[in-house]
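Each chain is listed here by its residues.
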Amino acid sequence: MYKKIINLVVLVILITSFLLMTYYGVNTFHVKSNPIEPQDFQYHFVLISEETNNDYWRLIESGAIDAAKKHNVYLEYLGPSHANMSEHVRIFDKAIAGKVDGIMIQGISDKEFTPLINKAREKGISIVTIDTDAPNSRREVYVGTDNYQSGYMAGQALIEDTVGEQKVGVVIGRSAASNQDLRLQGFMDAIKSESRIQIVGVKESNITKTGAVQATYDLLKEHPDITAFYGTSALDGIGITQVIRTIRPNLNPYIITFDTLPETVELLSKGEIDAIVVQYPYEMGFRAVEMLIELKDGRHPEPLQYTKTEILHQKDLSSLQNDQKGDMAR
Ligand code: BGC
């Protein structure tokens, strides 16, 4: 009798587990028989980033998603998981082979990207360059920062914000990327008439935080008398401050860097960073999708569409936060 009760209890447990497993399994793994397909939409566009999980690119992506939703566009977001030129080129070439309606991509290097942009155009794919232009290619529109001008503004800010001799260490994202190069050129042109300011070294971060840490460390090792840092890509300022805080807490260099990612804004508010060159990535993504739609609809949008650039200091923080809702707070 006792054995029978035990068997019954075990059986009830088994049946209940089976039912629960079936119920939750169906809800977890159920694949809709009617998935969303690109052909359900008016257009199929692809946004190719320099690095998919980079916070700056996520902002561009969110702008593009919002515009895609608004205009019934099927949007794909692709790119290398870590910045890598050959992978970037391979993904671009694959998207072209996929015969999509339009592609948004940086014109990172003339040599690698211009031929592919032209190839896409020959296949009837519209191309909008985003964040970094490829002016020698057949791209139809560029949406993004005027990168030379943004570097020039960074140089002017350094001149205005400092006094006396300055030895500047530059942490550049990738010297092979034309936007980074333009940001350095603009900066150099701005400071060239100021004999008190001189660049003592330039090192690459490969657009990662750990790369920026290494670059800063190497710069300080080679030039212990550095008094200022200029970071030209979105995670550079975070890496620079991390090194200063850890190994040279009494140095207090002047630091100017790019992009209002939350961590960088936090460092500005704490006084660890002195100024930020503000870009508008959300707007870039949103506007680039709208430009592709205009092109597909046979209109002729203005080819050079610079988004705003400005310099942000600690004292401007409150006003800018209200003003830049779409971009900064995300
Ligand atoms: C640049 C992008 C780059 C990103 C990397 C931004 O400042 O505009 O080109 O991919 O930094 O974090």
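Just above sits the structure.
What counts and what doesn't
- Residues numbered from 1 in each chain as written.
- Predicted model: local features only at pLDDT ≥ 70, side-chain atom pairs only at ≥ 80, totals over all residues.
- Heavy atoms only, no water.
- 1 Å grid on protein atoms, 1.4 Å probe; cavity = no way out; pocket = protein on both sides within 12 Å on 5 of 7 lines; lining within 4 Å.
- Points joined across faces, edges and corners; volume = space filled by probe spheres on them.
- Helix = DSSP H or I, 4+ residues; strand = E, 2+ residues; numbered from the N terminus.
- Nonpolar A, V, L, I, M, F, W, Y, C, P; charged D, E, K, R; others polar.
- Buried < 20%, exposed > 50% of the residue type's maximum accessible area, 1.4 Å probe, protein only.
- Polar contact = N/O pair within 3.5 Å; in protein donor to acceptor, adjacent residues only side chain to side chain.
- Contact = heavy atoms within 4.5 Å.
- Core = buried A, V, L, I, M, F, W, Y, C linked by side-chain atoms within 4.5 Å.
- Near = heavy atom within 4 Å.
- Areas by Shrake-Rupley, 256 points an atom, 1.4 Å probe, with all protein chains shown as cover.
- Sits in = over half its atoms within 2 Å of the grid points.
- Pairing = 2+ DSSP bridges.
- Axes fitted to C-alpha atoms, helices over the stretch in contact; angles between N-to-C directions.
- Expected span 1.5 Å × (residues − 1).
- Arc of directions from axis to C-beta.

**Student:** Account for empty space enclosed by the protein, with residues named and values stated.
**Tutor:** Evaluation of the coordinates by the stated rule reveals one cavity of 30 Å³ or more. One number sums up the size of the largest cavity: a volume of about 130 Å³. If you go around the largest cavity, you meet 13 residues; those closest to its centre are Glu-50, Tyr-56, Trp-57, Ser-233 and Ala-234. By residue number, the principal contributor to the lining of the largest cavity is helix H6 (residues 178-191), which donates three residues. Counted by class, the lining of the largest cavity contains four nonpolar, five polar and four charged residues.

**Student:** Would you mind going over the side chain of Asn-54 in detail, with residue names and values included?
**Tutor:** If you trace the backbone, Asn-54 turns up in the loop between strand S1 (43-48) and helix H2 (55-70). You can call Asn-54 buried: its relative accessible area is 6%. A polar contact is formed between the side chain of Asn-54 and the backbone nitrogen of Tyr-56, at a distance of 2.9 Å. For Asn-54, the contacting residues outside a window of four places in its chain are Ile-207 and Leu-235.

**Student:** Requested: an account of the nonpolar core, with residues and values cited.
**Tutor:** With 48 residues, the main nonpolar core has Phe-45, Leu-47, Met-104, Val-128, Ile-130 and Phe-229 as its most contacted residues. Residues within four places of Ile-130 in sequence aside, it is in contact with Leu-47, Trp-57, Ile-60, Met-104, Ile-105, Gln-106, Tyr-142, Val-143, Met-284, Gly-285 and Ala-288. If you look at the next biggest cluster of nonpolar residues, it comprises 20 residues, including Met-85, Val-89, Ile-103 and Ile-125.

**Student:** Would you mind going over the site of the ligand in detail, with residue names and values included?
**Tutor:** Neighbouring the ligand are 13 residues; Glu-50, Asp-131, Asn-179, Arg-183 and Asp-259 lie closest to it. Here an oxygen atom of the ligand sits 2.9 Å away from a polar atom, N or O, in the side chain of Asn-54. Considered on its own, the ligand offers 310 Å² of accessible surface; in the complex 100% of this is hidden by protein. Placement of the ligand is best described as lying within the largest cavity. Listing elements by their share of the shell around the ligand, those giving two or more residues are H2 and H6. Of the residues that constitute the shell around the ligand, the class distribution is four nonpolar, five polar and four charged.

**Student:** So what's going on with the sheet that holds strand S8 (residues 228-231)? Which residues, and what values?
**Tutor:** Across the sheet, which stays open at both edges, the six strands sit in the order S7-S6-S8-S9-S10-S12 with mixed pairing between neighbours. Every interior strand has two partners, whereas the edge strands, strand S7 (197-204) and strand S12 (310-313), have only one. Averaged over all adjacent pairs, the angle separating strand axes in this sheet is 20°, with direction ignored. Against the sheet, H6 touches strand S6 (166-172), S7, S8 and strand S9 (254-258), its axis set at about 170° to S7. Lying on the sheet, helix H7 (residues 209-222) is in contact with S6, S7 and S8; it crosses S7 at an angle near 135°.

**Student:** So what about unusual backbone geometry? Which residues, and what values?
**Tutor:** You will see that Lys-99, though not glycine, has its phi angle at about 50°, which is positive. Of note, Lys-99 is situated in the loop between helix H3 (85-97) and strand S3 (102-105). Given the relative accessible area of 70%, Lys-99 is considered exposed. Phi at Asn-206 is positive, roughly 55°, even though this residue is not glycine. Here Asn-206 shows up in the loop between S7 and H7. Taking relative accessible area as the criterion, Asn-206 reaches 35% and is therefore assigned partly exposed.

**Student:** Explain the sheet that holds strand S5 (residues 141-144) residue by residue, including any values.
**Tutor:** Reading across the sheet, the six strands line up as S2-S1-S3-S4-S5-S11 and stay open at both edges, with parallel pairing between neighbours. Two strands close off the open sheet at either side, each with one partner strand: strand S2 (73-78) and strand S11 (304-306). Between one strand and the next, the sheet's axes are offset by a mean angle of 20°, whatever the strand orientation. Where S1 meets S3, three bridges bridge the pair, whose relative direction is parallel. Looking at the pairing, Val-46 lines up with Ile-103 of S3. Running at roughly 160° to strand S4 (residues 126-130), helix H10 (residues 281-296) makes contact with S1, S2, S3, S4, S5 and S11 of the sheet.

**Student:** I'd love a proper account of H7, names of residues and values included.
**Tutor:** Compared with an ideal rise of 1.5 Å per residue, which puts 14 residues at 20 Å, H7 spans 20 Å between its outermost C-alpha atoms and is within 8% of the ideal. What H7 keeps buried is the set Gly-211, Ala-212, Ala-215, Thr-216, Leu-219 and Leu-220. Angular distribution of buried residues about the axis of H7 spans 165°; they occupy a single face of the element. Residues Thr-210 and Lys-221 are exposed on H7 and point more than 90 degrees away from its buried face. The elements touched by buried residues of H7 are S6, S7, S8 and helix H8 (236-247).

None of this, on its own, says anything about what the molecule does.
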